[in-house]
Every structure is written in structure tokens, then in C-alpha cells.
Amino acid sequence: MRDPTIDLAIYRELQETAGADFVVELVDTFLAEAPQMLAELRAAHATGHAERMRRAAHSLKSNGLTFGATALAEQARALELVGAGADGAAALDTLEASYGAARERLLELRNG
Amino acid sequence: MADSARLLVADDNKVNRLLLARSLELQGHRTAMAENGLIAFEMLRSEPFDLLLLDINMPEMDGFEVLERLKADLALRDLPVIVTSAAEGMANVVRCIELGAEDYLPKPVNPVLLKARIGASLEKKRLRDRLQEMVRRFATPEVAQDMAQSGFALGGRHVHGTVMFSDIRGFTSLVESQPPQETIELLNTYYTLMFDAINGRGGVVNQMVGDGLMAIFGAPLPLAGHATAAVRAAQDMIEMIELLNADREAAGKPAIRIGIGIATGSMVAGYTGTQQRATYTCIGDAVNLAARLEAHTKVAGRHILMDGGTRSELDAALRTDALGSFALKGFAAPIEVYAHG
């Protein structure tokens, strides 16, 4: 069963192709950058900037796919394609929760 | 393994940027990074790169605009670009390819695929650079630039054009009568003058053998009035030789004489040779005929001879004398020969 928080198969493959040490660095970069993307997403939603929102969601999706954070990537992709929709705030809450879970898992993997 | 190349990675997302650069470095390439299209474009203009890996969604200047700017920039238009994007939808891929991107890789980028695409793109670039270098060697800067602008059409194709052969009369005995250094100096002066005359009329010298040369008018690029251009170039060549002779006579050296044969018709033009050594050339009856006419100048006692095809396309201001029909080697039927000058 593949874990949608972090798909281990994808994560291991990343380690294999890029080098485990480098992936540690990459995880740190992602965890440093992602809060800005989430903040940008919130701000864009609050001010109704569809294009900014699409861009931030696109970036999160792209990084989610890289680390195997499939749930995060899926939700970001939905935001990229259709925007926040009527339940914008709820969609963003869900996304942030997915990011929180992915973050924890990535930290475990990074340290383990 | 391909030689180490210098690649630029343009991506606004830091994780993507680092990961791509890492993949490329593991493949033995050197990399530089840009965090948006504008920075990437400025870097490309100030430093040499072999390839650009380009993201589409970027602030300041997006990937589409980078592609458009590269296309409009003469120095950068041949730079291979591989677009890497997680952009949704086929329309984006199509737009990138239409804007000149070599390839499109979806993100996350598969390292094996990346390696293969980069290898193919760099190989193509190497080939293109080599061809460009060859074009530079045989064409004037204007022709080389025109070719770069119009895109290379280097495969074989049929062209209607005019071929010229020229050589120095009695050169062998001249060589025997003077020191070797003088022969080389003479040849260098001679070629400089002849290239000038031929290029000045839009022709391209594509072969030099000893004291002989072959030039093409109307290929690789089409040339309006190629027959007239060739005959005018021949006139210029004769005039330049006369000037050279005035110098030589003043220095107590014998005058030199040249013979020029010109023929017009359809021919096959393109690159021939091997990967290591290739030349742009034309093949066809007109080529053989021009060579025979050049040889026939000795018999006819005229400097410039041409065939009926050239004469029929000639500017009315250029007068010719009909010398009659002659049996020329390699041609079953007698050939009408015309002289100019």
C-alpha cells in the first residue's frame, strides 16, 4: 500500500538518482520554501488573484510530485486547475494539513 | 559519454532548480542557475551556454517569452532549449515546440529521459555548430548570416544555378620557373582577388584545387540573375588579374592569364563527404560543362566562355560572341559555345 503522505517508492528513487545526502539538502530547501508558497496561496485567495494562486499551487504540486507527497500534489493540482472554488478556505485548510503531514514524514525520513 | 557541456537551468522553484542542476552534474555537465526568465535571458546574452533547461511558469519573464526572445536573437536562436514543466495541458507543450523548443519533459523530470534528451540535443547542436563553421569557411559573412536566418537547408536538393570554373593558364611551368615561396604568395594573392570578385557578385567559392577554383551562383541561397552575376564576376576577375599583372610586370615577373568557364542549369546541391570532412557542392551536367568550357578557353583563345543556358539568361547589356558548336569531352552532342569580353 502506497502512503499518500510520502510515497516511499518515489522518495527512495529520488535518493537513488540524486544521492541521499543531496536529498537531505533538498528536503530542507523544500521545508524552507513551502511556507512561503502556502502563504502566497492564502494571500492570493484572500485578494482574489487567480493567476497568483494558480502559480503558487503549481509550484507546490511540482515539489509534492518530486518527493512523493501525492496527497499534497493532488490537492495542489486541483487548486491549480480549477482554483479554490466555493469552499476556498476549506480547500486551503485541507492542503495545509496535507503539507503538515508531509513535512513530518519528510523530517522523519531525513533524520532516519 | 558526451563531453562536458555548460547548461543553464531556469526555474523559479528552488527545489526544482537544485534537483535539475544536481541531475545534470551527475551526468558530468557544468551548470548555472537562474530563478526567472529575465535573469536567464541576461545570463545567456553574457555567457556562453550549450543548452537551456527552461521552466514555463516563472515570474518576471515566463518560459514562453524567453523562447520568443531567443528566437528573435540572432546569436541565441540556435541554442537548444528543453522545456521542463509540470504545466497542465497539451496546448502548452505544442506552444513550446512551436516557439522553437527542442523538447519537452514533464516534471518531475525522469533522470534517464533527461540524460537521453540532453545527449541528443547537444549532439544536434554540435553538428549544427560544425555545419555553421563550414558555411563560414566557404561563404561570405552575409551568406552565412542569411543561411542562419533562413534556417539551414543542407540536405541535397535540386537548384537552378550557375557554375563557374577558373584556373591559371600555364601555371605548371610558372611554378617550375620560380621559387616555391613565390608560388604560394602568388596563389594567396590570386585567391584573395578571386574570392573578392566572386563574393562581390553573390557567388560562393566551394572548391580550390591548386590554381583552379569552382564557384556557385544560386546555391546554397537562391540568387536572382545568377547567370549575369557569374559573368560579371568573371569580368571582375579578369580586371583584377590585369591589375595584378601590372604589379607583376613592374616587378619584372611574367604576367598570368586565367580562363573561366560558365554553365547554367539544374543541379543537385548539398553536403557531401563524411562526418569529419564535408563540403558543399553541386553535381550535374552544368558542373561538368563549366569545367569543359574552362578547358576550352585554351583552344578558343578567349578568357570567358559560357554555354547557351547561361547566355539565354544573361542581362542584355552583356554582349556575347557565338563561337559555334564544339564536341566537348563527356557530352554526346556538340555544345554551342559563347564568349564574352
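Residues numbered from 1 in each chain as written. Chains lettered and ligands numbered in written order. Predicted model: local features only at pLDDT ≥ 70, side-chain atom pairs only at ≥ 80, totals over all residues.

A. Inspection of unusual backbone geometry at higher detail. Residue and element names in this part refer to chain B. A cis geometry characterises the amide bond from Lys107 onward to Pro108, with omega recorded as -5 degrees. Located in the positive-phi region is Glu60, a residue other than glycine, with phi close to 70 degrees. Looking at the secondary structure, you find Glu60 in the loop between strand 3 (51–54) and helix 3 (63–72). Under the C-beta neighbour-count criterion, Glu60 is labelled partly exposed, with 13 such atoms within 10 Å. (Helix = DSSP H or I, 4+ residues; strand = E, 2+ residues; numbered from the N terminus. Buried ≥ 20, exposed ≤ 12 C-beta atoms within 10 Å, placed from the backbone.)

B. Representation of helix 1 (residues 14–26) of chain B in the model. All names here are of chain B. Spanning 13 residues, helix 1 covers 18 Å between terminal C-alpha atoms, matching the ideal 18 Å at 1.5 Å per step. Three or more residues of helix 1 are buried, namely Val15, Asn16, Arg17, Leu19, Leu20, Ala21, Arg22, Ser23 and Leu24. Looking one or two places after helix 1, you find Gly28, whose phi comes out positive at around 95 degrees. (Expected span 1.5 Å × (residues − 1).)

C. Highlighting the sheet that holds strand 4 (residues 81–85) of chain B. Residues and elements named next belong to chain B. Sheet architecture is open: five strands sit in the order 2-1-3-4-5, paired in parallel fashion. Single-partner strands in this sheet number two, and they are strand 2 (30–34) and strand 5 (103–106). For this sheet the average axis-to-axis angle between neighbouring strands, irrespective of direction, equals 20 degrees. Helix-sheet contacts for helix 1 involve strand 1 (6–10), strand 2, strand 3 and strand 4, and the interaxial angle to strand 2 is about 170 degrees. (Pairing = 2+ DSSP bridges. Axes fitted to C-alpha atoms, helices over the stretch in contact; angles between N-to-C directions. Contact = placed C-beta atoms within 7 Å.)

D. Representation of the pairing of strand 2 of chain B in the model. All names here are of chain B. When strand 1 meets strand 2, the two strands line up parallel, connected through five bridges. Directly across from Val9, in strand 2, lies its bridge partner Met33. Between the parallel elements strand 1 and strand 2, the chain passes through helix 1 in a crossover that is right-handed. (Right-handed = clockwise from strand over helix to strand, strands pointing away.)

E. Up close: the packing of helix 1 (residues 8–18) of chain A against helix 2 (residues 20–47) of chain A. All names here are of chain A. For the pair helix 1 and helix 2, interaxial distance at closest approach is 7 Å and the crossing angle is 120 degrees. In terms of orientation, helix 1 and helix 2 fall into the oblique class. On helix 2, the residues touching Leu14, Gln15 and Ala18 of helix 1 are Ala20, Phe22 and Val23. The class makeup of the residues in the contact of helix 1 with helix 2 is five nonpolar, one polar and no charged. (Parallel < 35°, antiparallel > 145°, perpendicular 65-115°, else oblique. Nonpolar A, V, L, I, M, F, W, Y, C, P; charged D, E, K, R; others polar.)

F. Highlighting the packing of helix 8 (residues 180–200) of chain B against helix 9 (residues 226–250) of chain B. Residues and elements named next belong to chain B. For the pair helix 8 and helix 9, interaxial distance at closest approach is 8 Å and the crossing angle is 150 degrees. Compared by their axis directions, helix 8 and helix 9 come out roughly antiparallel. Considering only the axes of helix 8 and helix 9, their crossing is right-handed. Residue-level inspection shows Thr189, Leu193, Met194, Ala197, Ile198 and Gly200 of helix 8 in contact with helix 9, the latter providing Ala233, Asp236, Met237, Met240 and Leu244. Each residue belonging to the contact of helix 8 with helix 9 can be placed in one class, and the counts come to eight nonpolar, two polar and one charged. (Left-handed = near helix turned anticlockwise from the far one by under 90°.)

G. Structural view of the interface of chain B and chain A. In this complex, chain B contributes 14 residues to the contact, which on the side of chain A involves 17 residues. For the side of chain B that touches chain A, the element with the highest residue contribution is helix 1 of chain B, accounting for seven residues. Split by residue class, the side of chain B that touches chain A holds six nonpolar, four polar and four charged.

H. Region of interest: helix 2 of chain A. The terminal C-alpha atoms of helix 2 of chain A, which comprises 28 residues, lie 40 Å apart, in line with the 40 Å expected from a rise of 1.5 Å per residue. At Glu33(A), helix 2 of chain A shows its strongest bend, of approximately 30 degrees, with the proline Pro35(A) following within four residues. Residues of helix 2 of chain A that are buried include every one of Val23(A), Leu26(A), Val27(A), Phe30(A), Ala34(A), Met37(A), Leu41(A), Ala44(A) and His45(A), and no others. On its buried face, helix 2 of chain A sits against helix 1, helix 3 (50–67) and helix 5 (88–111) of chain A together with helix 1 of chain B. Backbone geometry just after helix 2 of chain A places Gly48(A) at a positive phi near 70 degrees. (Bend = angle between axes of the 7 residues up to and from the residue.)

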